[in-house]
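If you want the building blocks of each chain, they are given just below.
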Amino acid sequence: MLRRLRELKGEIPPDILTTNPRISHRFLVVIFGVLLLLGVIAFLTALSGPQAPRAWQVYLVNLLFWFGLSSGAMLFVAILNVTNARWGRPLKRLVEALGAFLPFSFLLFWVLYFGREEIFPWVLEPVHGKENWLNLPFLFVRDGVGLFLLTVSSLALSYYSTKKEKAILSKAVRYSGNEQQGSGKEGEPDRCWRLQVVLSPIVGILYGLVLTLVAFDLIMSLDPHWFSTLFGGYFFIGSFYTALAALVCLTGLSWKVMGLEKFIRPRHFHDLGKLLFAFCLMTGYLFYSQFLVIWYGNIHEETKYIIHRIHQSPWEPLAWIILGICFALPFCILLSRKIKMRPTAMVALGAIILAGMWLERFILIAPSLWKGHGIPLGMIEVLITGGFFGAMALTSLIYLKTFPLLPFLDPLFQAELKVIRAEVEPENTRNK
Amino acid sequence: MKINTYSEINQEVLRTLFRPGNTYYLLLAICVTAILFGAFCWSYQISTGIGAAGLMHPVMWGIYLVNFVFWIGIAHSGTLISAILYLFRATWRTAIARSAEAMTVFAVMIAGLFPIIHLGRVWIFYWLIPYPNPMNLWPNFQSPLVFDFVAVTTYLTVSSLFWFTGLLPDLAIVRDHTRGLRQKIYGIFSLGWVGSQHQWHHYGWSYLLLAALATPLVISVHSVVSWDFALSIIPGYHSTIFAPYFVAGAIHSGLAMVLTLLIPLRRIFRFENLITMDTLEKIAKTMIFTALVIGYAYLVEYFMAWYSGNVFEQDAYLWRAIGNYAPLFWMMILFNAVLPLTFFFKKVRTHHKSLFIIAILVNIGMWFERFVIIIGSMAHDYDPYVWGLYSPSWVEVGIMVGSFGLFFTFFLLFVKFLPSISITEIKEEFRPPKRMDGLLSSAPHADIDSKLRREGPMNRRQQTHKGAFSMAGIFSDFDDVIATVKILKGKKIHVETVLSPLPRPEVQEALSLKPSPVRHYTFLGGVLGVVALLGLATYAHLQWNLVTSGKPILAWIPFIIIAFEGCILLAVLATFIGMIIKGRMPRSRLPNYYDPRFTQDRFGLLVFCKETEEEEVTKLLKDSGAEEVKRVEG
C-alpha cells in the first residue's frame, strides 16, 4: 500500500495531496464565515419584523436550490461509479466537496417547521380531499425520512471514497515514506471500492424519489390545487443541471489555484461543457414538456399556475429573463468547441447558469406565496442567499482541506492518470 | 476463433454473408408467409372498409396505434446504442451498433405504415403532405398528428442516413472481397470509398455530427408520439410526464428487442468473441435503469391521480387496475418494472437463457402497456354512458402478424447481405498491424466467393497524363507509415494521402489536417431547416386561417416542434452532402493506385513526385518498410 503511495508520490507532489491552495485558506474561511453570519442575522432580523413571510419565502428558495445542488453533486459521483467512467476521476473529490453541504441542509430543513404557517397555505386552510397527505406531521415525517436516507447514503458514499486515502495520507505525512507499515490489509481499498459501487445505484434511486417528494411537498403543495406529474422529474433534472454548473465553476476556479493543471486537462473542461450542454437541453426539454401539455389542454386548474407566472405582472419579465439565462444563452455559447475548453469562460457561464436556476426556483415558489406588489428581490434576499452560499462554500472548503484532493486509490483514477501522463509527456518534450 | 489481426476481423464477419443454410430459408419462408397474410388482411380491410377492424365507439384508436407506438419504441434503442453511446465513448457498443441501427431503420419503416393502415381512405394519404393544391388545404401544423408525420419522416431519413454513413467503409470492404455483379453493386453503394485520409477525416466529423443530431431527434420523436395522447384532455392521456416516460419506455422495449435479436444471432453466427457476454450484461444493466424510470412513472401517475382530487382521473386509474383490462395491467407492471430488476443479480444478467426470456417478457409487457394506456383510457373516460370495450378483430391481428413478419424479413435479409457487425469500428479497438501480421496473412486475403487474383491496379483503367505521376507504397506496419510520412514531410516531398482501413488520429496529425468544414454545412442546414419549416407552417396557417381548438392562428409554441424537426432534418442532409462532396464521392471507378488490401490490413502511401525524385522516393519507401512500390500514372 505504502509502496504504491510512494510510486504515486513520484508523480503527485505531496502538497497536492495535502492541498495547499495558492489563495490563503484562512482568508477564504473568513470571507465565507462573514457571509454566513450576515445571512443568519438578516434572516433572524427579518423574522422579527413585518417581512417574515418574505424571509421564509427566500429561505425556502435557498434551501431547495442549495440542497438540490448538493444532492445533484452526489448523484454525479454515483453516476461516475455506476458507468465506470474514467474521464471524470480527477474531478471526483471536487464533486464530493459540493456534496458536503447535504447534512447541513438536512438540519436546515427542520427549521421550516417554525415557518409552517407562512409557507404552507394548507396549514391554516386545510384542503378538502387532500388532508391525508397535506398535513404537517405526515409531511415532516415522510420528507424527514427521505432526506435522512438520502443524506446518510450520500455521506456513506463520500466516506468510503475517502476512508482509506485519508488513513494512508495521515500515516504518510507523519512517517516520511521509507518505513514498511505492517498494518493496512491489502483487501481494504477493494472493500471500500465495492461499497461505493453498491451504494451508487442506491444514491441514484433515492435521489430520484426523494427530490420528487421534496418537489411535490415543498413547491407543488404551495399551490395545492395545481399538479403536474412531471414536476418531480423537472426538479431533480434541474438540480442536476445546477450541480453540473457548480462543478464547472469549482473546477475552473480551483484548477489554477489548487495546482491541478497537470491533472485536469482542457479535454476535461470540454467533456464537462458537453455534459452541461446536454443537461441544459434536458432541463429545457422537460420544461417544454410540461408547458406544451398544459398550454394545449387549456384546462383552467392547470393553466392558472403558468399564466400567473408568465403573463401576469410583475412576474412576466422575470420569466423571460430566466428562459434566456437558463436555456437560450448556455445553448448558444456551449455550441462552440473553443469556449468549452477555456476555464475562465466556463466559470463565468457556470455562474450565470447558477443565478438563472436560482431565479427559476424563485419563480416557482414566490408567486404562490407573495401577496404584495412587485418582485420581492431586495436586500433581505441578497443577504440570506449570501448566507446560504457562505455555508455551502465553507462546507466545501473544509471538505477539500480535510481530504486528499485527488482520489489516488481509485482504480479508475489510476487508469486516467496513465492516460493523462501519456498526453502530457509529448507536450513536455515539445516544449523543451 | 481468436482474432488478432485486421484481416482476421474481415474474415470473421464476412463469412456470415451470402451462404445461407436451410434454417435460414425456413425462417425466411415463415416470415414471408406472415407478410403475405398481413397483406391479405390489409387488402380485405381496404375493400371492406375500416369496420373490418374492431374499432368501435368509444375506442377509436385500437391496436394499430398500439403497434405504431410499439415499433417507434423499438426503433429508439437502436439510435441510443449507435448515437448516444457513441457520444459517451462507450466502447461496448461497437459490436452491436450496426445491427441496432438496422433494427431502427426497419422498425421506423414499419411504424410509418400504421398511420396509413389506420386510414379509411388509404388512397388519399398524401393529403397529409403539405403541398399547394387547388382546394387551398393545408395540414394543421398545430395538430400532434402532423407533428408525428414530420417527426417520423425526419427520423426515418436521419436514421437511414446515419446507418448508411456507418456502412460506407464496410461496404467498401465487401466490395473488395467479392467479384462480378456483386462487386459492381457494392461498388455503387460504397460510393467509391478508398479510405484516403481526407475521406476518413470528413467521415469522422460527419459521423460525430450525425450522432450529435440524432440524439435530440430520437428524444423528440417519441415525445411527439407521446403528445398524440398527452395533448388531449382525456384522463389517463393528459399527463405532463408522458414525454420522458414514453422515451424511457421506448428505450426499454428497444433494448429488449436488441437482446431478442442478438442472442440468437451471436449463437447462430458464432460471434461470441465479438458480441461478448459483457456487452449483453451492459445492455441488461441499462435495462435496469429504464425499468426504474418506468416504475417511477407508474408511481407518480398513480399518486398524482389521487392527489389531484379529480374524480375522472381517479376512476380511470382505478379501472385500469381492477377493470376489464386488469390482467394486462398487472402483467405490464410485473414484466416492465419488476422483472428487469432481477438483473441486479449477476447470475441472471450473465446467463443468456434468462436474458432472452426476460427480454421477450419485457417486449410483451411494453406492448401491453401501450394497450392499457391507449385503449384503457378511451374505454373509460368522462361519461359513464359512453364507456365501452374493444377487442381486436382478426384483420387487425393479421396485420400485426404481418408487421412482425416484415420486420424479421428485413432483418434476415440484412444479416445476409450486409456485415452485421461494424468491421471498421471493431478494427479500431485492436492495435494497429505490425509487419509480422503481414507475414502471417501473406496468403491471398479472405474472399467470399473465390480467391482474388492479386493483380492490383493493373486491371483498372489507366489514366495517362504526361509528366505528372505518383508513387504508391504499400505498407503492412503502421508505425512505418507514420515514420515515413514524417521523413517525407521533412524532405518537403508532397504526400498526397495515406490510404488506410480505418481512421487513425496519428495519421491525421502527421498530415496536419484542419478541422473538417463539414460542420459549417451542418450549421447552415440547421438554420435553413428552421427557417424553411417555420416559414411553411406560417404560410400554411395564414392561407387556411381558421381558429382550431381555440388556439391562435399562428401559435409559436407548437411551431417550435416543427422548427426543431426541420432543423435536424436539413442539418443531417447537409452534413451528409458535405461529407460526400468533401470526400470526393461518389466515384464510379476506383483510382489507379487503389489496392483491395487497403480495406483489409494494408496501408497505402501516395507520394506526388517529379521525374528526378523517382529514384530517391522509391529507395526511401523501400527502406522504410514498404512491401511494394508502384509507379502510378496520373
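Small disclaimer: the values here were computed from a predicted structure and weren't measured.

This brings us to the nonpolar core. Looking at soluble globular proteins, one finds that nonpolar side chains tend to be buried together. Among the nonpolar cores identified, the biggest contains 306 residues, and B:Trp71 and B:Trp227 are the most heavily contacted of them. Tallying contributions element by element places helix α4 (residues 52-82) of chain A first for this core, with 19 residues. Excluding residues within four positions of it along the chain, B:Trp71 makes contact with B:Ala107, B:Ile110, B:Ala111, B:Phe114, B:Met257, B:Ser403, B:Phe404 and B:Phe407.

This brings us to empty space enclosed by the protein. Here the structure, examined in full by the defined rule, presents nine cavities of 30 Å³ or more. A volume near 130 Å³ is recorded for the largest cavity. A:Phe227, A:Thr229, B:His238, B:Ser239 and B:Thr240 are, among the 14 residues lining the largest cavity, the residues nearest its centre. When residues of the lining of the largest cavity are traced back to their parent elements, those giving at least two are α9 (277-307) and α10 (311-322) of chain B. Per element, the largest residue contribution to the lining of the largest cavity is three residues, and it comes from α9(B).

What follows concerns the interface of chain A and chain B. Contact with chain A, which involves 39 residues of that partner, is made by 34 residues of chain B. When chain A packs against chain B, close to 3400 Å² is buried across both sides, 73% of that on carbon and sulfur atoms. Three residues, A:Thr229, A:Trp295 and A:Tyr296, lead the burial of chain A against chain B; their summed loss comes to 22% of the area buried on that side. Across the contact surface, chain A and chain B share 14 residue pairs in polar contact (both at pLDDT 80 or more). Here the element with the most residues in the side of chain A that touches chain B is helix α12 (residues 266-297) of chain A; it accounts for 14 residues. A per-class count over the side of chain A that touches chain B returns 23 nonpolar, twelve polar and four charged.

Packed helices, taken two at a time, are described by their axes: the angle between them and the distance between them. Residues and elements named next belong to chain A. Where helix α13 (residues 300-310) meets helix α14 (residues 315-333), the axes come as close as 6 Å, and the angle between the chain directions of the two elements is 90°. Viewed along their axes, α13 and α14 adopt a mutual orientation that is roughly perpendicular. Contacts from His 308, Arg 309 and Ile 310 in α13 reach Trp 315, Glu 316 and Ala 319 in α14. Residue composition of the contact of α13 with α14, by class: three nonpolar, one polar and two charged.

This brings us to the pairing of strand β3 (residues 603-609) of chain B. Here is the key point about a regular strand: its side chains alternate between the two faces of the sheet. Residue and element names in this part refer to chain B. Counting buried residues in β3 gives six out of seven residues, a clear majority hidden from the surface. Pairing between strand β1 (residues 469-475) and β3: seven bridges, direction antiparallel. Residue Met 471 lies in a different strand from β3, and its bridge partner there is Val 607. Sheet topology places strand β2 (residues 494-499) next to β3; five bridges connect them, and they run antiparallel. Looking at the pairing, His 494 lines up with Phe 608 of β3.

What counts and how
Residues numbered from 1 in each chain as written. Chains lettered and ligands numbered in written order. Predicted model: local features only at pLDDT ≥ 70, side-chain atom pairs only at ≥ 80, totals over all residues. Heavy atoms only, no water. Core = buried A, V, L, I, M, F, W, Y, C linked by side-chain atoms within 4.5 Å. Buried < 20%, exposed > 50% of the residue type's maximum accessible area, 1.4 Å probe, protein only. Helix = DSSP H or I, 4+ residues; strand = E, 2+ residues; numbered from the N terminus. Contact = heavy atoms within 4.5 Å. 1 Å grid on protein atoms, 1.4 Å probe; cavity = no way out; pocket = protein on both sides within 12 Å on 5 of 7 lines; lining within 4 Å. Points joined across faces, edges and corners; volume = space filled by probe spheres on them. Buried area = accessible area lost by both parts, 1.4 Å probe. Polar contact = N/O pair within 3.5 Å; in protein donor to acceptor, adjacent residues only side chain to side chain. Nonpolar A, V, L, I, M, F, W, Y, C, P; charged D, E, K, R; others polar. Axes fitted to C-alpha atoms, helices over the stretch in contact; angles between N-to-C directions. Parallel < 35°, antiparallel > 145°, perpendicular 65-115°, else oblique. Pairing = 2+ DSSP bridges.

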